[in-house]
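Next come the chains, spelled out residue by residue.
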Amino acid sequence: IISSEALVIGGKGGGGGVVKKQVKVGRTKAGPIDVSSLGCGTWSWGNKLLWDYDPSQDEEIYEAYRAVRMAGVSLFDTADSYGTLDLNGRAEILLGQFEKRLQSELSSSTTGTTATTSTPVWSFLFPSTTTSTQMSIPPPQQVATKFAPYPWRITRGSMVAAARASLKRLDQDKLTLAQLHWSTANYQPFQEGALWQGIADVYDEGLCEAVGVSNYGPKQLVKFADCMAERQVPLATAQVQYSLMTYKDTGLASKEACDDVGCTLISYSPLCLGLLTGKYNLDNLPRSGNPRRQLFKELLPGAQPLLNTLAAIAKDVDKTQSQVAINWAMCKGTVPIPGARNLKQAQENLGAVGWSLSNGAVDELDRAANNVGKSMIQNIFQTQ
């Protein structure tokens, strides 16, 4: 990872405590492109079922967005299916709107005008001696969107059409990454060929810089990589559910497969839907009606030794459990994409960069992860 020292809250300051030191999110290679070593997932932006989203939260989400952008995060993972029912595509729309707003504010600040009468969020991230004209310009936004293989998307052209629709919602001309959201190999294998050729066509049409996949197991990833090589299309990333709660079942094999085909592993849900934050226990579960409630009831008893280890290491390094869990994923050579819906969550995530766990701490967490009583359930579309 190419790191770069500069600007941002670290340590337990992410949760509102003392600012330890200032760092900037670094860069890392993903196939033929460079991306930020920490990304941001947008699954919760528009999701009412799991994350209780409401459009009234958009201003808080923007504060989170602005904070991570100013810290150097450029990679934002999204999907054309993100957003519940009538909010389908909401995450892409917000990404486009947020970036335009940020660039407008940055432009106003450098010309000496005020974009808003409220105190800019970056005043909490930068030293008080830093003036607006001294602020570093963040790297360009990099959108990695995923296209759902809906049953009606059975032609190559449907993938190109999906890419154009996403770009319209984003109000942009080109994606950084065009990704297949999942494989249909388990239930509708005849559709797979059209999807693969279609995502390659998206690249050939100049609509993306590279391609990627999500929820592909090692075997299917190798097949896809061979197909892209034949089409001379760069494969940059493969993302899977990767955390301390999935490591023993799929984590190691997925990382090895990515290394074999020359792409970078993006670890989604690095905090296991919040279970690894330390916030939840059997007496404090997600609200009734939230699917995570029953899931956490089943997982927490077997996860307690891991959570104890995570808490002990967090105390040793003066970080939060979330920051340790994210940093562990980075130490494994992956690019984590934790979500953030408010400034506090953004600062918490940013506290995971600028430092690294020791090899001993990583090994200790590995052992605890390998002894979890019940692993996090895999995505139903995850292939072998």
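Up top is the structure these notes are about.
Given the structure is predicted, the values throughout are model-derived calculations rather than measurements. (Residues numbered from 1 in each chain as written. Predicted model: local features only at pLDDT ≥ 70, side-chain atom pairs only at ≥ 80, totals over all residues. Heavy atoms only, no water.)

(A) View of the overall build of the protein. The number of helices and strands found in the protein is 11 helices and 11 strands. The 384 residues of the protein split such that 58% are buried. When contacts within the protein are restricted to residue pairs at least 6 apart in sequence, those whose partners lie at least 24 apart make up 78%. Of the roughly 15,700 Å² that the protein leaves accessible, carbon and sulfur atoms contribute 51%. (Helix = DSSP H or I, 4+ residues; strand = E, 2+ residues; numbered from the N terminus. Buried < 20%, exposed > 50% of the residue type's maximum accessible area, 1.4 Å probe, protein only. Contact = heavy atoms within 4.5 Å. Areas by Shrake-Rupley, 256 points an atom, 1.4 Å probe, with all protein chains shown as cover.)

(B) Expanded view of the environment of Gln 179. Along the chain, Gln 179 turns up in strand β7 (residues 175-180). Sequence separation of Gln 179 and Val 213 is 34 residues, and the distance between their C-alpha atoms is 4.9 Å. At 3.2 Å, the side chain of Gln 179 forms a polar contact with the backbone oxygen of Ala 144. Side-chain polar atoms of Gln 179 contact the side chain of Gln 239, separated by 2.8 Å. (Polar contact = N/O pair within 3.5 Å; in protein donor to acceptor, adjacent residues only side chain to side chain.)

(C) Structural detail: the nonpolar core. Core analysis: the biggest nonpolar cluster contains 102 residues, and Phe 224, Met 245, Leu 275 and Leu 276 have the highest contact counts within it. Among the elements that make up this core, the one with the highest residue count is helix α8 (residues 291-317) (10 residues). Of all hydrophobic cores here, the second largest spans 12 residues; its members include Ile 33, Val 35, Leu 177 and Ile 266. (Core = buried A, V, L, I, M, F, W, Y, C linked by side-chain atoms within 4.5 Å.)

(D) Seen up close, helix α7 (residues 247-261). The first and last C-alpha atoms of α7 sit 20 Å apart over 15 residues, in line with the 21 Å expected at 1.5 Å per residue. Looking only at α7, the buried set comprises Tyr 247, Thr 250, Gly 251, Ser 254, Lys 255, Ala 257 and Cys 258. Mapping the buried residues of α7 onto a view down its axis gives an arc of 165°, with all of them on the same face. (Expected span 1.5 Å × (residues − 1). Arc of directions from axis to C-beta.)

(E) Seen up close, unusual backbone geometry. Of note, the phi angle at Cys 272 is positive, near 50°, even though the residue is not glycine. Take Cys 272: it is sitting in the loop between β10 (264-268) and α8. Taking relative accessible area as the criterion, Cys 272 reaches 1% and is therefore assigned buried. Positive phi is not limited to glycine here, since Leu 273 has a value of about 60°.

(F) Region of the structure containing the packing of aromatic side chains. One pass over the structure, following the stated rule, counts 12 aromatic pairs. Between Trp 45 and Phe 98, the aromatic rings sit 5.6 Å apart at their centres with planes inclined by 65°, giving edge-to-face as the arrangement. With Trp 45 in the loop between β4 (40-41) and α1 (48-51) and Phe 98 in helix α3 (residues 90-110), this pair connects stretches of sequence that are 53 residues apart. Here Trp 45 and Phe 98 have matching classes, each one buried. Ring plane angle 85° and centroid distance 5.3 Å describe the contact between Tyr 247 and Trp 328, whose orientation is recorded as edge-to-face. Here the residue Tyr 247 occupies a position in helix α7, and Trp 328 occupies one in helix α9 (residues 321-331), the gap between them amounting to 81 residues. Across the pair, Trp 328 and Tyr 247 agree in class, each one buried. Grouped by ring-pair contacts, the aromatic residues Trp 45, Tyr 62, Tyr 65, Phe 76 and Phe 98 constitute a single cluster. (Phe/Tyr/Trp six-rings, centres within 6.5 Å; stacked < 30°, edge-to-face > 60°.)

(G) Region of interest: the pattern of salt bridges. Applying the stated criterion across every chain yields a total of 18 salt bridges. For Arg 169, the salt bridge goes to Glu 92, with nearest N and O atoms at 2.6 Å. Note that Arg 169 is positioned in helix α4 (residues 156-170) and Glu 92 in helix α3, a separation of 77 residues in sequence. Owing to a relative accessible area of 26%, Arg 169 belongs among the partly exposed residues under this scheme. Across the salt bridge formed by Arg 231 and Asp 201, the nearest N and O atoms sit 2.7 Å from each other. With Arg 231 in helix α6 (residues 218-231) and Asp 201 in helix α5 (residues 192-204), this pair connects stretches of sequence that are 30 residues apart. Asp 201 sits in the buried class, given a relative accessible area of 15%. One connected set of salt bridges, linked through shared partners, spans Glu 59, Arg 66, Arg 101 and Glu 105. (Salt bridge = Lys/Arg side-chain N within 4 Å of Asp/Glu carboxyl O.)

(H) Summary view of the pairing of strand β6 (residues 142-147). The buried fraction of β6 is high, at six of six residues. The two faces of β6 match: Gln 142, Ala 144 and Lys 146 on one face and Val 143, Thr 145 and Phe 147 on the other face are all buried. Pairing geometry for strand β5 (residues 75-79) and β6, over five bridges, is parallel. In the sheet register, Leu 75 faces β6, and the bridge partner there is Gln 142. Looking at chain direction, β6 and β7 are connected through four bridges and run parallel. Paired with Lys 146 across the two strands is Gln 179, which belongs to β7. After leaving β6, the chain enters α4 and then returns to the sheet as β7, a path that is right-handed. (Pairing = 2+ DSSP bridges. Right-handed = clockwise from strand over helix to strand, strands pointing away.)

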